[in-house]
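# Analysis of the macromolecular model
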Amino acid sequence: MAKKKAATKKRGTNGATKNDVGLIGLAVMGQNLVLNMADHGFSVSVYNRTTAKMNEFIEKCEAEEPSANRVHGYAKLKAFVQSIAKPRKIIFLVKAGRPVDMVIDELLPLIDKGDILIDGGNSEWLDTIRREKDLAAKGINFVGSGVSGGELGARFGPSLMPGGSKEAWKSLGPIWRAIAAKVDKKTGAELQGAEPGKPVKGGETCTAHLGPDGAGHYVKMVHNGIEYIDMQLICEAYAILRGLLGMKPDEISKVFEDWNTGELSSYLIEITADVLQQKDPVNKRKFFVDSVLDAAGQKGTGKWTAMNALDIGIPANAIGEAVYARCLSALKEQRVAASKVLKGPKVKVIKSNRKKYIDMVCDALYCSKICAYAQGFQLMAEAQKEYNWKLNFGEIAKIWRGGCIIRARFLQKITDAYTKDKKLQNLMLDPYFKKAIHGSQDNWRKIVSMCAEHGISAPAFGSALAYYDGYRSEVLPANLLQGLRDYFGAHTYERVDKKRGQFFHVDWPDPKRPQYKV
Ligand code: NBP
């Protein structure tokens, strides 16, 4: 089959005999991105390490896909490379890490100077910086591009976050702009309705060149960190509605449906409503969510975000909390044992004024979400200094409005905030978000204190509130902290009555040795 395809003439968009683009890695993301490109009129060469998977994909395409004639499979890497028009654009969607380096090593003897390699996987941005530098020295363009939206996003319009050189973007841009999700220019709402062979037309495209080398993968990583905290906040809201108000999953599903019509409107809120009303496929009398083990998995991008926040000293504590919450959930057996030993208050279910409490949870969720996004954007603002990028935050929020997992109405407000003030220091200081927090914080505080009172674990709600209160505090107890550090370690301190950057030390009269008395 591969040979027959290789002999086909006139494939490229301009009638050339070579294909427009190549893709390596035909797992779920790769297959769907290929079909998306083919639907948009691009002819695509495909290759997979395991040829049988590639053949299976081609057969499936031919049986089911209207754009199958634009998809061409190659069993040999050399034939695959030779089938692509120059400068070659070769996308790979393989497992992040070592496989990406292996693919590059295999391609290097086969490609030419000026060709463009595009890594669409969830690679760590530092790997992307390294790869871009190594390949640039060989005359090869390298683009690290975040691809978000899961398999459906890849198929009908993902949010695409490319880094790399401007020159590479000139070649890749037309493809990326065509296949990315589209949103309504005025409302920012995602344009839906794509089906195989009939992609969405018009609207603003959810991709933009974000900056050199690792900028795209860095932004994708922060997107995933925000995705972690968005999901954790949703889960805490669910836990409160369930525990404190004694609501059943289908009742909570209705609440999420309602929230999805307001400020919280987003893909994750929408699918939460679906998941909560789903019945268990094995035991139809039970709700699906009650049959799912409460031990969360993770692939690492949330952890990278939290680790990088620690590395560069930005308080992204809500994002970190979301990672820890997954870690705590994974200690299932320990938690089961501890639940029989460690005492706490018994949750008293509130029976009256349900609507009032639901609205309070909604406010707590919204305020916490603002803090979480403020942290994510602040992290990117610091990272750009570290890596010499010039990120456009309004643009980033813009390309997250469609296609990706965190797509939300809310993102339009972030775009507006950064369009009004490009130097905005913290999202919470934007007039719209400031007003939102001012209007809802009483309920947020009540929910956090009710969780503490009733013994419901809501770490992200609490951590976001601590961040808000910390950020708005003129004075924090770090003065005492600095005093302690100076006492035991002569770490010095700055003074309130002197310019920043001058350091002082007290010659403590009787410093106690760093040991404690038994
Ligand atoms: P996987 O991450 O499961 O990777 C499977 C693909 O990698 C297969 O095509 C496999 O070939 C290929 N591969 C491996 Br593994 N090692 C290879 C090597 N040394 N040389 C060549 N090919 C190799 O696929 P995925 O879930 O489609 O994800 C692809 C990328 O996109 C990942 O980086 C992922 O993190 C990212 N991503 C995934 C999602 C999602 O929803 N799944 C969303 C966003 C981003 P084989 O068939 O021969 O084993």
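## A closer look at helix α16 (residues 354–387)
Along its 34 residues, α16 runs 49 Å from first to last C-alpha, staying within 8% of the 50 Å computed at 1.5 Å per residue. Of all 34 residues that make up α16, 26 are buried, and the element is covered over most of its length. Trailing α16 by a residue or two, Asn388 shows a phi angle of about 65°, which is positive.

## Side note on the nonpolar core
Core analysis: the biggest nonpolar cluster contains 97 residues, and Trp259 and Trp400 have the highest contact counts within it. Ranked by residue count, the leading element in this core is α16, at 19 residues. Each of domain 1 (2–213) and domain 2 (218–471) contributes no fewer than three residues to this core. One finds Val21, Val46, Ile91 and Ala178 within the second-largest nonpolar core, a separate group that totals 33 residues.

## Details of the side chain of Thr207
Here Thr207 shows up in the loop between β9 (204–205) and α9 (215–243). Here Leu160 takes part through its backbone oxygen, which lies 2.9 Å from a polar atom of the side chain of Thr207. Setting aside its immediate chain neighbours within four residues, Thr207 contacts Leu160, Pro162, Trp169, Trp176, Arg177, Ala180 and Ile399.

## What to know about the site of the ligand
Inspection of the region around the ligand gives 20 residues, with Met29, Asn48, Arg49, Thr50 and Lys53 positioned closest. A distance of 2.9 Å separates an oxygen atom of the ligand from a polar backbone atom of Met29. In isolation the ligand exposes 910 Å². Once the protein is present, 81% of that is buried. When residues of the shell around the ligand are traced back to their parent elements, those giving at least two are α2 (28–39) and α5 (98–107). When residues in the shell around the ligand are grouped by element, the largest group, 3 residues, is from α5. Taken together, the residues that form the shell around the ligand break down as 11 nonpolar, 6 polar and 3 charged.

## Comments concerning the pairing of strand β6 (residues 141–148)
Most of β6 is tucked away, with 8 of its 8 residues classed as buried. Taking every second residue as pointing to the same face, both faces of β6 are buried, with Asn141, Val143, Ser145 and Val147 on one and Phe142, Gly144, Gly146 and Ser148 on the other. As defined by bridge partners, strand β5 (residues 116–119) adjoins β6 across 4 bridges and the pair is classed as parallel. Following the sheet pairing, Ile118 is matched in β6 by Val143. The β-α-β motif built from β5, the intervening helix α6 (residues 125–137) and the parallel element β6 has right-handed crossover chirality. Relative to strand β7 (residues 159–162), β6 runs antiparallel, the two being bridged by 4 bridges. Bridge pairing in β7 places Ser148 opposite Ser159.

## A few points about the environment of Ile24
With respect to the helices and strands, Ile24 occurs in strand β1 (residues 21–24). Residues Ile24 and Asp119, spaced 95 residues apart in sequence, show a C-alpha to C-alpha distance of 9.7 Å.

## Considerations on empty space enclosed by the protein
Tallied over the full model, the rule gives 1 cavity of 30 Å³ or more. Each pocket or cavity is described by its volume, and for the largest cavity that value is around 50 Å³. Every residue along the wall of the largest cavity is listed here: Asp230, Leu233, Ile234, Leu264, Ser266, Ile269, Leu365 and Lys369. Counting residues per element, the lining of the largest cavity draws most heavily on α9, at 3 residues. Grouping the amino acids of the lining of the largest cavity by side-chain chemistry returns 5 nonpolar, 1 polar and 2 charged.

## What about the domain arrangement of the protein?
For the protein, the domain assignment lists domain 1 (2–213), domain 2 (218–471) and domain 3 (477–518). Of note, the centres of domain 2 and domain 3, computed from C-alpha atoms alone, are 37 Å apart.

## Regarding the pattern of salt bridges
Under the defined criterion, the tally for this structure stands at 25 salt bridges. Of the charged contacts, one joins Lys398 and Glu204 as a salt bridge, the two residues approaching to 3.8 Å between their closest N and O atoms. A residue pair is termed long-range when its members are at least 10 positions apart, and Lys398 in helix α17 (residues 393–399) and Glu204 in strand β9 qualify at 194 residues. Residue Lys398 is classed as partly exposed on the basis of its relative accessible area, which comes to 28%. A relative accessible area of 21% means that Glu204 is categorised as partly exposed. Residues Arg401 and Glu204 are paired through a salt bridge, measuring 2.7 Å at the closest nitrogen-oxygen approach.

## A look at the layout of surface pockets
A volume near 690 Å³ is recorded for the second largest pocket. Along the walls of the second largest pocket sit 34 residues, with Glu190, Gln192, Tyr267, Gly403 and Arg407 positioned nearest its centre. Taken together, the elements giving at least two residues each to the lining of the second largest pocket come down to α7 (150–156) and α11 (267–277). Per-element tally for the lining of the second largest pocket: the top contributor is α7, with 5 residues. Here the lining of the second largest pocket is composed, by residue class, of 13 nonpolar, 13 polar and 8 charged. Taken together, domain 1 (2–213) and domain 2 (218–471) each give at least three residues to the lining of the second largest pocket, which thus spans both.

## Digging into the packing of aromatic side chains
Here a ring pair, both rings aromatic, is described through the centre-centre distance and the interplanar angle of the planes. Under the defined criterion, the tally for this structure stands at 19 aromatic pairs. Ring geometry for Trp125 versus Tyr218: centroids 5.1 Å apart, planes at 85°, classification edge-to-face. With Trp125 in helix α6 and Tyr218 in helix α9, this residue pair connects regions lying 93 residues apart in the sequence. No difference in accessibility class separates Trp125 from Tyr218, as the two residues are buried. Linked through ring pairs, Tyr366, Tyr373, Phe410, Tyr432 and Phe433 together constitute an aromatic cluster. When the ring centre of Tyr267 is taken as reference, the NZ or CZ atom of Arg407 above it lies at 4.0 Å. The side chain of Lys413 reaches across the aromatic face of Tyr432, ending 4.7 Å from its centre.

Basis of the calculations
- Residues numbered from 1 in each chain as written.
- Predicted model: local features only at pLDDT ≥ 70, side-chain atom pairs only at ≥ 80, totals over all residues.
- Heavy atoms only, no water.
- Helix = DSSP H or I, 4+ residues; strand = E, 2+ residues; numbered from the N terminus.
- Expected span 1.5 Å × (residues − 1).
- Buried < 20%, exposed > 50% of the residue type's maximum accessible area, 1.4 Å probe, protein only.
- Core = buried A, V, L, I, M, F, W, Y, C linked by side-chain atoms within 4.5 Å.
- Domains from an automatic or database assignment.
- Polar contact = N/O pair within 3.5 Å; in protein donor to acceptor, adjacent residues only side chain to side chain.
- Contact = heavy atoms within 4.5 Å.
- Near = heavy atom within 4 Å.
- Areas by Shrake-Rupley, 256 points an atom, 1.4 Å probe, with all protein chains shown as cover.
- Nonpolar A, V, L, I, M, F, W, Y, C, P; charged D, E, K, R; others polar.
- Pairing = 2+ DSSP bridges.
- Right-handed = clockwise from strand over helix to strand, strands pointing away.
- 1 Å grid on protein atoms, 1.4 Å probe; cavity = no way out; pocket = protein on both sides within 12 Å on 5 of 7 lines; lining within 4 Å.
- Points joined across faces, edges and corners; volume = space filled by probe spheres on them.
- Salt bridge = Lys/Arg side-chain N within 4 Å of Asp/Glu carboxyl O.
- Phe/Tyr/Trp six-rings, centres within 6.5 Å; stacked < 30°, edge-to-face > 60°.
- Lys NZ or Arg CZ within 6 Å of the ring centre and 35° of its normal.

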